[in-house]
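Chains, contacts and geometry: an overview
For reference, the chains in residue letters:
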Amino acid sequence: QRNVLLNQTNPVEAVIRNIASNVTVIIFQVHSQQSDVNPSTNSSGTGVDRGLISILRPQQTVCTWYLRSLDANQVLSTAISMPYMEKDPIPGGCNLEFDLEVDPNIYLDYTLVDVRIKFAPANLGYMRGANPPSCDSGTGQNSRWRLRYDVYQYFLPENNLSEMVLMSHLRKMSEVQSIKANGVKMLTVTSDDKTDVYFSSLPGQGVIYNVIVWDPLWNTSAAYVPVHTYACSFADLVDNCSSLSKLSTKIFFTALAVLGLFTCFFGHRFWKTDLFFMGFIVTGFFFFVFITRVTSLGYDVRLVLTAVAGITGGILLVASWWRFGSVLLCMLIIGLVLGFLFSSMVFFTPLGDYRVFRDDVVFWVTFSSVALMIPVLFVGCPRILNILACGIVGSYSVVLAIACYVYTSLAYIALDLLRRILNDYFSRAYTNVPFQTNDFIVLAVWLMLALSGVTVQLRRERSEVPFPPHPYLTWKRERERRSTNVLDPSHHIPPLRERIHGKLLQIKELFQKEQPAGERTPLLL
């Protein structure tokens, strides 16, 4: 591997000499962080991760490439060469879709939701000077159909957009043994499967993908050209890789975190605040899903409307408690909020990438069953359920606020659920995320807040009544008591209408002219 500076006008010559006679092909690749590069002036293919495969002739010992970038300025790039022998499979050797005759490249495109990688099928290896094996001669064990493709994923350090860091880590995902040692194997694709794979998008997080093609007959392997993405743009002036979170997102989740932190420690004591917080979450979540599905409004508008809907939902839940006093209904809603978060945490683990959960029916039945399990388990102890919900859900709102300022994978506990609801094809995406230093710190903060909040509330509320009495009935009894008990000082308080009328008269007197001094009536005879 060698780092080189490339530009548009002066190609850089790369020469490999003294090539061993048992080497039949060489994959030469060049990578840059964000500028398109080309490993040969005669090649039509360009990109940030591009490679060419050179089929060596008999007696050939020297191979030459000419590297350039499409940027007028100098571009830092790294060049890597990988030799393979006659029994090693040839990546992209049976290409029928892309421009190059033999194409070892992986093609990547991304959205804010998912990342798609696609590659051409490989062919069997062969000696120098021989004709390549036919790609369509049959599907038996003597054909390229016996080949297997292992797809690997590798995460760059979090919150690090450095070019040098990318260049140093690309080498780890270029050679077969290094890929197996450093990457995470996500799946195996057979020759009968489509050679395209989907992953969940992680904007701002660097990820490298590569594919190892394995020949089970000879037990030999070869690696494609690795490809990387940050799922964001470095060139955009707004919402680029350095500043992903919008201002509206920061305001929304910071305000939610303040309310959540209060609920975490005082939610059960301030019961109406607790109800407002949970009602806000439920109403806001489902309203955001609804308007995203049925409208094409901008993100900022949807977020404002979601905040309004959440506030309305919170107020309505408090009002319903005041009028009907149904602890069961309120605890069902609170239990479902905790249950949905717990179920999202379960599918955030590697369990969520099991193939069986690609089926939407299986996923949603399992997800709902896990979510409903929480209120069912705590049906006999609603106070403990409410305190647990206050501590865990309230502290997780702080995690979401932190994610607006510093990358943390823990935000995808909730985000992946939202993506699954909003996007019909997200079920095909693998949702593996990195778990590095930042995530351990944020996880420790989350656990500390949740445990502290639950412990404080359990100790403070153990000698108190489980829940406040029915507010409407309490008010009604108090009103009846005041109307019948003449010894109660409040019994002699005038009605509200008379009190308002009296206040208005007092205000009116302030604006009347002062009467002149002296007697105005006639003297009596």
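Quick caveat, the model's predicted, so the values are computed rather than measured. (Residues numbered from 1 in each chain as written. Predicted model: local features only at pLDDT ≥ 70, side-chain atom pairs only at ≥ 80, totals over all residues. Heavy atoms only, no water.)

**Here we look at the side chain of Asp49**
With respect to the element layout, Asp49 can be found in strand 5 (residues 49-55). Nearest to the buried, unbridged Asp49 among oppositely charged side chains is Arg50, at 8.7 Å. In this structure the side chain of Asp49 is engaged in a polar contact, spanning 2.9 Å, whose partner is the side chain of His228. When residues no more than four places from it in sequence are discounted, the contact partners of Asp49 are Val30, His31, Asn105, Leu170, Pro226, Val227 and His228. (Helix = DSSP H or I, 4+ residues; strand = E, 2+ residues; numbered from the N terminus. Buried < 20%, exposed > 50% of the residue type's maximum accessible area, 1.4 Å probe, protein only. Lys, Arg positive; Asp, Glu negative; His and termini not counted. Salt bridge = Lys/Arg side-chain N within 4 Å of Asp/Glu carboxyl O. Polar contact = N/O pair within 3.5 Å; in protein donor to acceptor, adjacent residues only side chain to side chain. Contact = heavy atoms within 4.5 Å.)

**A closer look at the pairing of strand 3 (residues 23-32)**
Strand 3 sits mainly inside the fold: 10 of its 10 residues count as buried. In this structure, strand 3 lies alongside strand 7 (residues 75-85), joined through 9 bridges in antiparallel fashion. Across the sheet, the residue bridging to Ser32 is Ser77, located in strand 7. The sheet contact formed by strand 3 and strand 5 spans 7 bridges and is antiparallel. Across the sheet, residue Val30 finds its bridge partner in strand 5, namely Arg50. (Pairing = 2+ DSSP bridges.)

**Some thoughts on the layout of surface pockets**
One number sums up the size of the second largest pocket: a volume of about 380 Å³. Every residue lining the second largest pocket is counted, 20 residues in all, and those nearest its centre are Val48, Asp49, Leu108, Tyr110 and His228. Those elements that place two or more of their residues in the lining of the second largest pocket are strand 5, strand 8 (106-110) and strand 15 (227-229). Residue contributions to the lining of the second largest pocket peak at 5 residues, all from strand 8. (1 Å grid on protein atoms, 1.4 Å probe; cavity = no way out; pocket = protein on both sides within 12 Å on 5 of 7 lines; lining within 4 Å. Points joined across faces, edges and corners; volume = space filled by probe spheres on them.)

**Considering the packing of helix 6 (residues 327-348) against helix 8 (residues 382-403)**
Here helix 6 crosses helix 8 at 45 degrees, and the two axes come no closer than 9 Å. Judged by the inter-axis angle, helix 6 sits oblique to helix 8. In this structure, helix 6 meets helix 8 at a crossing whose hand is left-handed. Side by side, helix 6 and helix 8 meet where Met331, Ile334, Gly335, Val337, Leu338 and Leu341 of the first sit next to Pro382, Leu385, Asn386, Leu388, Ala389, Ile392, Val393 and Tyr396 of the second. (Axes fitted to C-alpha atoms, helices over the stretch in contact; angles between N-to-C directions. Parallel < 35°, antiparallel > 145°, perpendicular 65-115°, else oblique. Left-handed = near helix turned anticlockwise from the far one by under 90°.)

**Examining the UniProt feature "transmembrane region" (unreviewed entry) in the protein chain**
According to UniProt, the feature "transmembrane region" (unreviewed entry) maps to residues 251-268, 275-295, 301-322, 329-349, 361-380, 387-415 and 440-458 in the numbering used here. Counted over residues 251-268, helix gives 89% and strand 0%. Its end C-alpha atoms are 26 Å apart. (UniProt positions renumbered as here; feature names shortened; annotations may be inferred.)

**Description of unusual backbone geometry**
Glycine aside, the phi torsion of most residues is negative, and most peptide linkages are trans. Despite not being glycine, Gln59 shows a phi value in the positive range, around 70 degrees. Classification of Gln59 by relative accessible area gives exposed; the value is 73%. Phi is positive for Asn219, which is not a glycine, with a value near 55 degrees. We classify Asn219 as exposed; its relative accessible area is 57%.

**Focus on the sheet that holds strand 6 (residues 63-69)**
Pairing is antiparallel in the open sheet, where 3 strands are placed in the order 2-6-4. The two strands at the open ends of the sheet, each matched to only one other strand, are strand 2 (12-16) and strand 4 (37-38). As judged from the 2 bridges shared by strand 4 and strand 6, these two strands associate in the antiparallel manner. Of the residues in strand 6, the one forming a bridge with Val37 is Ser69.

**Observations concerning the state of the cysteines**
Counted by the stated rule, this structure contains 2 disulfides. One disulfide in the model links Cys94 with Cys135; its S-S distance is 1.9 Å. The disulfide joining Cys94 to Cys135 has a torsion of about -90 degrees about its S-S bond and is therefore left-handed. Linking Cys94 in the loop between strand 7 and strand 8 with Cys135 in the loop between strand 9 (114-119) and strand 10 (148-155), this pair joins segments that are 41 residues apart in sequence. In this structure Cys94 comes out as buried when scored by relative accessible area, which is 4%. The partner cysteine of Cys232 in its disulfide is Cys241, sulfur to sulfur 1.9 Å. Measuring handedness by torsion sign, the sulfur bridge of Cys232 and Cys241 sits at about 110 degrees and is right-handed. (Disulfide = S-S within 2.5 Å.)

**Concerning the nonpolar core**
Side chains of nonpolar character tend, in soluble globular proteins, to be buried together. Ranked by internal contacts, the top residues of the largest apolar core, which has 83 residues, are Tyr84, Tyr149, Val151, Val197, Phe199, Tyr224 and Leu275. Once residues within four sequence positions are removed from consideration, Val151 is found in contact with Ile117, Val184, Lys185, Met186, Leu187, Val189, Val197, Phe199, Asn210 and Val211. Counting residues in hydrophobic clusters, the runner-up holds 16 residues, among them Ile19, Phe28, Val37 and Trp65. (Core = buried A, V, L, I, M, F, W, Y, C linked by side-chain atoms within 4.5 Å.)

**Focus on the sheet that holds strand 7**
In space, the 4 strands of this open sheet follow the order 1-7-3-5, with antiparallel pairing throughout. Looking at the sheet topology across the chains shown, the edges are occupied by strand 1 (2-6) and strand 5. Each strand of the sheet is rotated relative to its neighbour by a mean of 25 degrees, with strand direction disregarded.

**A closer look at the packing of aromatic side chains**
If you walk through the whole model with that rule in mind, you get 24 aromatic pairs. Here Phe363 and Phe367 contribute two aromatic rings whose centre-to-centre distance is 5.8 Å and whose plane-to-plane angle is 25 degrees, an arrangement assigned as stacked. With Phe363 and Phe367 both in helix 7 (residues 360-377) and 4 residues apart, this pair spans about one turn of that helix. The class of Phe363 is buried, set by a relative accessible area of 6%. Ring geometry for Tyr407 and Tyr412: centres 6.3 Å apart, planes at 45 degrees, overall tilted. Using a relative accessible area of 11% as the deciding quantity, one classes Tyr407 as buried. These aromatic residues form a ring-pair network of at least three members: Phe340, Phe347, Phe357, Phe363, Trp364 and Phe367. One cation-aromatic arrangement involves Arg358 over Tyr430; the distance from NZ or CZ to the ring centre is 4.0 Å. (Phe/Tyr/Trp six-rings, centres within 6.5 Å; stacked < 30°, edge-to-face > 60°. Lys NZ or Arg CZ within 6 Å of the ring centre and 35° of its normal.)

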